[in-house]
Amino acid sequence: MFREETELGKSLEHQKQLGELGGLSLKKRRLRGTCRLFVWHLRNTGVRQIPCRFVHLYHVANNRLITFQYFNFLKRMYVTRCNKDLGQRAKPKSNSIVPPFHELQQLDQEKKVVHKISPVSPVHQSWSETSSRNELREMKSAAETEDSVIPVGAESKEDRRWKEMKLRLDDLPGILARLSKIKLTALVISTTSAGFAMAPVPFELTCFLLASLGTGLASCAANSINQFFEVPFDSNMNRTKNRPLVRGQISPLLAVCFAACCGIPGIALLALGVNPLTGALGAFNIFLYTCCYTPLKRMSIANTWVGAVVGAIPPVMGWTAATGSLDAGALLLGGILYSWQFPHFNALSWGLREDYSRGGYCMMSVTHPGLCRRVALRHCLALIGLSTVAPVLNITTWTFPIISLPINLYISYLGFRFYRDADRSSSRKLFFCSLWHLPMLLLVMFTCKKSVLEKEDKGDLPGGSNEMAMEIRLP
Amino acid sequence: MAAARVLRAGACCRRRLLSSSSSISSASSSGGRAAERGERPDSAGLGFRPPAHSHSDWIGPPDKHSNLRPIIFYVPPDESALERRLREARQEAQASNQRFWARHNRAFRQEKEEFIYSRLKAKGLELRDESGQKATLNAEEMADFYKDFLSKNFKKHLQYNRDWYKHNFRITFLMGQVALVRALRWLRRRKKNVQQ
């Protein structure tokens, strides 16, 4: 139960790392085959009876616990969407609540759900003992805004929604985790590790740990500054309205201090503990993200390309941390991450057009929808090409393009469907596919990595190393 | 952390409440007069009064129109000139943000209704269908509206971005100065206590 609570408590905060497509329905699918990477939950978008809801919620919670055991933050944050949806449904339809949220879900079934919300919300409030404070607050706000003419009871309810802006030290770790977008940071660290692992040098544990830690700190710093810059815009978007700065849980000064306390040691660690090239790349990436991407989001659609570069640099950093030089392999890995960003983000942004339009964000999905879909498809196909280049550069064996062909073809197929149909369901399929496609691709790449020992025999390695070489050979 | 500590007002005594939604001068004058009389003025328009013993700012639920959370600032009786500048900068930024977003969101809602109405009319449908539900357009039909709205408001957003960044930097810089002054004051006081 406690784990459930913490999960639920984090759900609203962590849900939006990869964004929300605004739909009410989630599909439950089990991936066949050896890798069951995803379990996500089926929800009918129709009418819900009260008893069923408890069962349903229990089921959801169970599923989330199960999925948590399976994997990493990547999927958990995605699965925890279930809770967010439940939280959203608790809001009754009312004109005073942010309308775009409702207009975002233009499904027919939504009308029925909307009708059902009023009777359900009292039940939700009794259930709310186990739910997070956030959900409780949201439900209360929903409940009290629908009846504005109530005696003393409503005043105290309204009053309870006011919070003292006093920083409590035991809340601080959670607040800082949300400020630094800890899940996104973990993803960034994992791509850096992938870059490190793919480098054709013997594996050094200390270097690996230093590189990962340094990159993680740099990512925390960049994310904190990003949130510092975007407070009023985040308040107006459903995906981001529960961030710490928006809710006043932390002051802007503290956010900047935290960013400095993460960024400076992080870059110093990379520059001094690993090598200056990696440090420079880390510093450049922070600059690119905070000073180029963040302001550019509101000025031009070029932000997507800049953002793709930001995502591509961490594996390059991992590679340079291992080898100390920026060679073709690093660029290839960066290229794969770069290309991956487009189907991922373009599909995601397709469902957020209303929020982007109202918030003033210049995104391709709003201003150039045709380009948005073309670019996504183009880069899905580029992934196939890049996978084929990998053995040419001696990074992997020739089995890699062959084994990765099915998943690359699948994402390209979904990209093509998105290009042709241009609707919500195809965008969601593409987005969800991108979530598992990247980890799988990197995993396959790693298993197909060209053995270091082979290279040593051929005398390719610059000098021997006493450390144990990490070699993986396919039978 | 020193920063966390200094962000909490240390002084006790009377509390003057200032709400940001009312004009600064009228609120402060009425607040000041009321405080002198020993009463607590209501935070005009926000319907909430922080408890008297509290020495920190209070943040409320998101506003209906602007989605921004209003803050009621605590005014310590021994507020220095620097602290007053900080508080006024924050109030000004809050008021300006509130004005912008309330107006912007209202315009969005209105234009969206108009767009839906005109499209439905063009399709020959009524605004409400048989069951009395508001008819809606699907996401693809709304896409034209979103694109149009974004391009119409582009310049407005550029201007707002500039203002917001200026406010943000100024407030954070003042916060830094206030924190530094308080930290130095605290250190000096501690040194004096140690010497005594």
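If you're wondering where the values come from, they're calculated on a predicted model, not measured in any experiment.

Cut-offs and rules
Residues numbered from 1 in each chain as written. Chains lettered and ligands numbered in written order. Predicted model: local features only at pLDDT ≥ 70, side-chain atom pairs only at ≥ 80, totals over all residues. Heavy atoms only, no water. Helix = DSSP H or I, 4+ residues; strand = E, 2+ residues; numbered from the N terminus. Buried < 20%, exposed > 50% of the residue type's maximum accessible area, 1.4 Å probe, protein only. Contact = heavy atoms within 4.5 Å. Areas by Shrake-Rupley, 256 points an atom, 1.4 Å probe, with all protein chains shown as cover. UniProt positions renumbered as here; feature names shortened; annotations may be inferred. Buried area = accessible area lost by both parts, 1.4 Å probe. Salt bridge = Lys/Arg side-chain N within 4 Å of Asp/Glu carboxyl O. Polar contact = N/O pair within 3.5 Å; in protein donor to acceptor, adjacent residues only side chain to side chain. Nonpolar A, V, L, I, M, F, W, Y, C, P; charged D, E, K, R; others polar. Pairing = 2+ DSSP bridges. Core = buried A, V, L, I, M, F, W, Y, C linked by side-chain atoms within 4.5 Å.

**Q** Even after reading the chapter, I still don't get the overall build of chain A, so can you show me in this structure?
**A** A tally of helices and strands in chain A yields 22 helices and one strand. Relative to its 475 residues, chain A shows a buried fraction of 60%. The long-range share in chain A, meaning contacts at least 24 apart out of those at least 6 apart in sequence, stands at 73%. For chain A, the accessible surface area stands at approximately 18,500 Å², while carbon and sulfur atoms represent 64% of it.

**Q** Would you explain unusual backbone geometry in this entry?
**A** A negative phi angle is the norm for most residues apart from glycine, just as the trans form is the norm for most peptide bonds. For Lys181 of chain A, which is not glycine, the phi dihedral falls at a positive 45 degrees. With respect to the element layout, Lys181 of chain A can be found in the loop between helix H9 (172-179) and helix H10 (182-198). Here Lys181 of chain A falls in the buried class, since its relative accessible area comes to 6%. Notably, Asn67 of chain B is not glycine yet its phi reads approximately 60 degrees, a positive angle. With respect to the helices and strands, Asn67 of chain B occurs in the loop between strand E2 (58-59) and strand E3 (71-75). Overall, the relative accessible area of 6% leaves Asn67 of chain B in the buried class.

**Q** Is there a simple way to think about the UniProt feature "transmembrane region" (unreviewed entry) in chain A in this case?
**A** All names here are of chain A. In this structure's numbering, the residues bearing the UniProt feature "transmembrane region" (unreviewed entry) are residues 277-296, 303-322, 398-418 and 430-447. Here residues 303-322 runs as 100% helix and 0% strand, with 30 Å between its end C-alpha atoms. What you have in residues 398-418 is 95% helix and 0% strand, and the ends, taken at the C-alpha atoms, are 30 Å apart.

**Q** Please explain the interface of chain A and chain B as it appears in this structure.
**A** As a measure of interface size, the accessible area lost when the parts come together is often cited. At the junction of the two partners, chain A supplies 51 residues and chain B supplies 59 residues. With both chains or domains summed, chain A and chain B bury close to 5,000 Å², and 63% of this area falls on carbon and sulfur atoms. Broken down residue by residue, the surface that chain A buries against chain B is led by Trp162, Met165 and Leu253 of chain A, which jointly contribute 16%. On inspection of chain A and its partner chain B, the count reaches one salt bridge. Taking the shortest distance from any N to any O, the salt bridge between Glu354 of chain A and Lys112 of chain B comes out at 2.7 Å. Across the contact surface, chain A and chain B share 17 residue pairs in polar contact (both at pLDDT 80 or more). Among the elements that make up the side of chain A that touches chain B, the one with the highest residue count is helix H17 (residues 353-359) of chain A (six residues). When grouped by side-chain class, the residues that make up the side of chain A that touches chain B number 24 nonpolar, twelve polar and 15 charged. Here two bridges tie strand E1 (residues 163-164) of chain A to E2 of chain B, and the two strands are oriented antiparallel to one another. Considered in E2 of chain B, the bridge of Lys163 of chain A is made with Ile59 of chain B.

**Q** Quick question: what am I supposed to make of the nonpolar core here?
**A** Within soluble globular proteins, side chains that are nonpolar generally end up buried alongside one another. Counting 109 residues, the largest nonpolar core has Tyr356, Leu430 and Met445 of chain A as the members making the most contacts within it. The residues touching Leu430 of chain A, leaving out its near neighbours within four places in the chain, are Pro343, Ala347, Ala376, Cys380, Ile411, Leu414, Gly415 and Phe418 of chain A. Counting ten residues, the second largest nonpolar core, distinct from the first, contains Leu82, Ala89, Leu174 and Val178 of chain B.

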